[in-house]
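So you can see what is in the structure, the chains are spelled out below.
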Amino acid sequence: MILSSRLLSRFPELVHGFTTRTMPNLSTHSVMTLKQIHSSKVVIVQKQGSPSEEGDALITRQPGLLVGVRTADCVPLLVYDPGHRIVSAIHAGWRGLISGVIESTLQCLKKNFNSNFSQLQAALGPALCPGCFEIGPEVAGQFKNKFKDHLTISPGPNDRSFVDLRKGCSLILEESGIPPPSIDVVPHCTACEPELFFSYRQGDHDERMMAFIGIR
Ligand SMILES: [Zn+2]
């Protein structure tokens, strides 16, 4: 099964999807991916190549080329610029989110392709829900530092707390100027729904889902 975003499905020129565990891994021959390192590094892709390059976001405007990220708990984020027909796939785990992977991708879109943020369309895929993303004080401090009071950090047992990772991603997108109606959330939780998804925190250390996007 492949999930799709209602928002991105409105664009007939797009191909996109979020795979689940019930679907065999898409071959890396058909989707261009990177060696993901939880960074803010963005790579502009012009043709199908070896996935040996490191980075956590891909951008392309090449029709027929799919770009993708692999996740199991981290947030897969797909972005489309319909005016310039440019697509992007972003791997936004908490480290990437804190280090600014979303901001650097948007800046790259603006700098290289003159993207206007108010026209961008974004879809956040299956990831940990706020009740499943439990963090320690050190990570909570990093969230507090980045988001100040805009993102709720809910206290849990002992020194643990909980954060809504996708909400953090949405806040960055909104603060950059993407209107909230242009931000879609595919609401599934990778840890709460083990029949549908792989979850790193639930012990799936080798398996990943794929989020992909491309222009036909
Ligand atoms: Zn959950």
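Further up the page is the structure itself.
Source: prediction; values computed, not measured. (Residues numbered from 1 in each chain as written. Predicted model: local features only at pLDDT ≥ 70, side-chain atom pairs only at ≥ 80, totals over all residues. Heavy atoms only, no water.)

Caption draft 1: Main features of helix H4 (residues 165-176). In this model H4 runs 17 Å from its N-terminal to its C-terminal C-alpha over 12 residues, within 8% of the 16 Å that 1.5 Å per residue would give. Leu-165, Arg-166, Gly-168, Cys-169, Ser-170, Leu-171, Ile-172 and Leu-173 are the residues of H4 that are buried. One side-chain oxygen at the N-terminal end of H4 lies 3.2 Å from the backbone nitrogen of Arg-166; it belongs to Asp-164. Following H4 by one or two positions, Gly-177 has its phi on the positive side, about 115°. (Helix = DSSP H or I, 4+ residues; strand = E, 2+ residues; numbered from the N terminus. Expected span 1.5 Å × (residues − 1). Buried < 20%, exposed > 50% of the residue type's maximum accessible area, 1.4 Å probe, protein only. Polar contact = N/O pair within 3.5 Å; in protein donor to acceptor, adjacent residues only side chain to side chain.)

Caption draft 2: Structural detail: the sheet that holds strand E13 (residues 183-185). Reading across from one edge, E4-E5-E8-E7-E9-E13 is the order of the 6 strands in this open sheet, with mixed pairing throughout. Single-partner strands in this sheet number two, and they are strand E4 (42-44) and E13. The mean angle between the axes of side-by-side strands here comes to 15°, regardless of whether they run parallel or antiparallel. Pairing of strand E5 (residues 57-60) with strand E8 (residues 86-92), which is carried by 4 bridges, proceeds in the antiparallel orientation. Counted as the bridge partner of Leu-58 is Ala-89 from E8. (Pairing = 2+ DSSP bridges. Axes fitted to C-alpha atoms, helices over the stretch in contact; angles between N-to-C directions.)

Caption draft 3: Layout of the coordination of the zinc ion. Protein ligation of the zinc ion involves Cys-129 (SG), Cys-132 (SG), Cys-189 (SG) and Cys-192 (SG), the donor distances falling in the range 2.2 to 2.4 Å. Taken together, the 4 donor atoms surrounding the zinc ion define angles of 100 to 116° at the centre, an arrangement classified as tetrahedral. Every donor residue of the zinc ion comes from the same chain, spaced as C-x2-C-x56-C-x2-C. One end of the pair, Cys-132, is in the loop between strand E9 (121-124) and strand E10 (134-135); the other, Cys-192, is in the loop between E13 and strand E14 (209-215), and 60 residues separate them in sequence. Here Cys-192 falls in the partly exposed class, since its relative accessible area comes to 49%. (Donors = N, O, S within 2.8 Å, 3.2 Å for Na, K, Ca; no water. Tetrahedral: all angles 85-135°; square planar, octahedral: opposite > 155°, others 65-115°.)

Caption draft 4: Quick peek at the sheet that holds strand E6 (residues 66-71). Here 5 strands make up an open sheet; going across it, the order is E1-E2-E14-E6-E3 and the pairing mixed. The sheet is open, and its two borders are formed by strand E1 (2-3) and strand E3 (31-32), each paired with just one other strand. Relative to E14, strand E2 (residues 14-19) is paired through 5 bridges, and the arrangement is antiparallel. By the bridge assignment, Leu-14 is partnered in E14 with Ile-215.

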